[in-house]
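# Residue-level structure breakdown
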Amino acid sequence: EYIDQQKIISAVILQSKNGRLRLLNENNREVNFSEKRLAHVSEASIDTTIARSDIVSQLKTLTENRVKLSESIDIKELWEILQGESGEIDVSTMTLFCFDPPLTSDHESAVIRAFFRDRLYFKFNNLIFAPYSPEQVEARKRQIREAEKKEALTRKGAAWINHILNSKNGSPTETDPRVVDILKSYFLFNTDAPDYLTARSIIKRSALNSPEQLP
């Protein structure tokens, strides 16, 4: 398994040479990666001499099973139990916390997938887990709320611009006043505007190419 565009992708290794891998993934695509980019390697394997379509089918089934297992993991509950612990937890130990033996690579992968999806309660790096403190969790919650607000403004702003551009008479429509203020400030002050990153995101998602084209 490897991570690409914030998704965990299952694949088989078709060829390995000098630390470089040629992979066939679950989307029936061949990709080349450094072995250092692998997020997880299973003990079980898939026979690569069978038909390509059968390999892809097995990978899809494998992913479906692992995703389903990952959805049974209650990360918040685990954090409430482990948050007083100061030491780091490796993936094998965390898998034991999440599932009853006998354990397989599917269970290990499910743990990785669950913690990759929900990174609020644990620091997760190089298959090592460490629970955040309650103060850190609250800070991360605030960060998430702020990010969600910015995302909502970005969507509103891009939709507003596109609506005006697509309107036959080009007449303005109502939108969140904050969107207008952010775009005005960016138009006037460019990178010196307090919310210029949000403004750039709005423009990037719209049909515009630059702030000079703002309607």
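To start, this report covers the structure provided alongside it. (Residues numbered from 1 in each chain as written. Predicted model: local features only at pLDDT ≥ 70, side-chain atom pairs only at ≥ 80, totals over all residues. Heavy atoms only, no water.)

### A short note on the sheet that holds strand E6 (residues 89-90)
Spatially, E6-E8-E7 is the arrangement adopted by the 3 strands of the open sheet, whose pairing is antiparallel. If you trace the sheet from one side to the other, it starts and ends with E6 and strand E7 (122-125), each paired once. Here E7 pairs with strand E8 (residues 128-131) via 4 bridges, running antiparallel. Residue pairing across strands places Phe124 opposite Phe129, the latter belonging to E8. Contacts from helix H2 (residues 75-82) reach E6, E7 and E8 within the one sheet, and its direction differs from that of E7 by about 105°. (Pairing = 2+ DSSP bridges. Helix = DSSP H or I, 4+ residues; strand = E, 2+ residues; numbered from the N terminus. Contact = heavy atoms within 4.5 Å. Axes fitted to C-alpha atoms, helices over the stretch in contact; angles between N-to-C directions.)

### Let's talk about unusual backbone geometry
Pro102 follows Pro101 through a cis peptide bond whose omega is 0°. Topologically, Pro102 is positioned in the loop between helix H3 (91-98) and helix H4 (105-117). A positive phi angle, close to 50°, is found at Gln5, a residue other than glycine. Tracing the sequence through the fold places Gln5 in the loop between strand E1 (2-4) and strand E2 (7-9). With a phi angle near 55°, Asn18 is a residue other than glycine that sits in the positive phi range. Tracing the chain through its elements places Asn18 in the loop between strand E3 (11-17) and strand E4 (20-25). Residue classification places Asn18 among the exposed residues on the basis of a relative accessible area of 75%. (Buried < 20%, exposed > 50% of the residue type's maximum accessible area, 1.4 Å probe, protein only.)

### Quick word on the side chain of Ser10
Counting through the fold element by element, Ser10 comes out in the loop between E2 and E3. Engagement of the side chain of Ser10 in a polar contact is seen with the side chain of Thr63, the distance being 2.8 Å. Those residues in contact with Ser10 that sit more than four places away from it in its chain are Glu1, Leu24, Asn25, Glu26, Leu59, Thr63 and Arg113. (Polar contact = N/O pair within 3.5 Å; in protein donor to acceptor, adjacent residues only side chain to side chain.)

### Some remarks on the environment of Ile144
Positionally, Ile144 belongs in helix H5 (residues 134-166). For the pair Ile144 and Ala159, spaced 15 residues apart in sequence, the C-alpha to C-alpha distance is 22 Å.

### Things to note about the layout of surface pockets
Considering only enclosed or pocket space, the largest pocket measures out at about 430 Å³ in volume. What lines the largest pocket is a set of 21 residues, and nearest its centre among them are Ala11, Val12, Ser42, Ala44 and Ser45. Going through the elements one at a time, E3, helix H1 (52-70) and H4 are the ones with two or more residues in the lining of the largest pocket. The leading source of residues in the lining of the largest pocket is H1, at 4 residues. For the lining of the largest pocket, a count of residues per class yields 11 nonpolar, 7 polar and 3 charged. Of the pockets and cavities examined, the second largest pocket occupies roughly 270 Å³. (1 Å grid on protein atoms, 1.4 Å probe; cavity = no way out; pocket = protein on both sides within 12 Å on 5 of 7 lines; lining within 4 Å. Points joined across faces, edges and corners; volume = space filled by probe spheres on them. Nonpolar A, V, L, I, M, F, W, Y, C, P; charged D, E, K, R; others polar.)

### Topic: the packing of aromatic side chains
Per the stated rule, a full pass over the model turns up 5 aromatic pairs. The interplanar angle of 80° and the centroid separation of 5.1 Å between the aromatic rings of Phe115 and Phe122 together place this pair among those described as edge-to-face. Each member of the pair, Phe115 as well as Phe122, is classed as buried. These aromatic residues form a ring-pair network of at least three members: Phe115, Phe122, Phe124 and Phe129. (Phe/Tyr/Trp six-rings, centres within 6.5 Å; stacked < 30°, edge-to-face > 60°.)

### With respect to the nonpolar core
Core analysis: the biggest nonpolar cluster contains 24 residues, and Ile73, Met94, Cys98, Val111, Phe115, Phe122 and Phe129 have the highest contact counts within it. Taken together, the elements giving at least two residues each to this core come down to H2, H3, H4 and E7. The greatest single-element share of this core, amounting to 6 residues, is contributed by H4. Among residues more than four places away in sequence, those in contact with Phe122 are Ile75, Leu78, Trp79, Leu82, Met94, Phe115, Phe129, Ala130, Pro131 and Tyr132. Ile164, Leu183, Tyr186 and Ile203 belong to the second-largest nonpolar core, a separate cluster that totals 12 residues. (Core = buried A, V, L, I, M, F, W, Y, C linked by side-chain atoms within 4.5 Å.)

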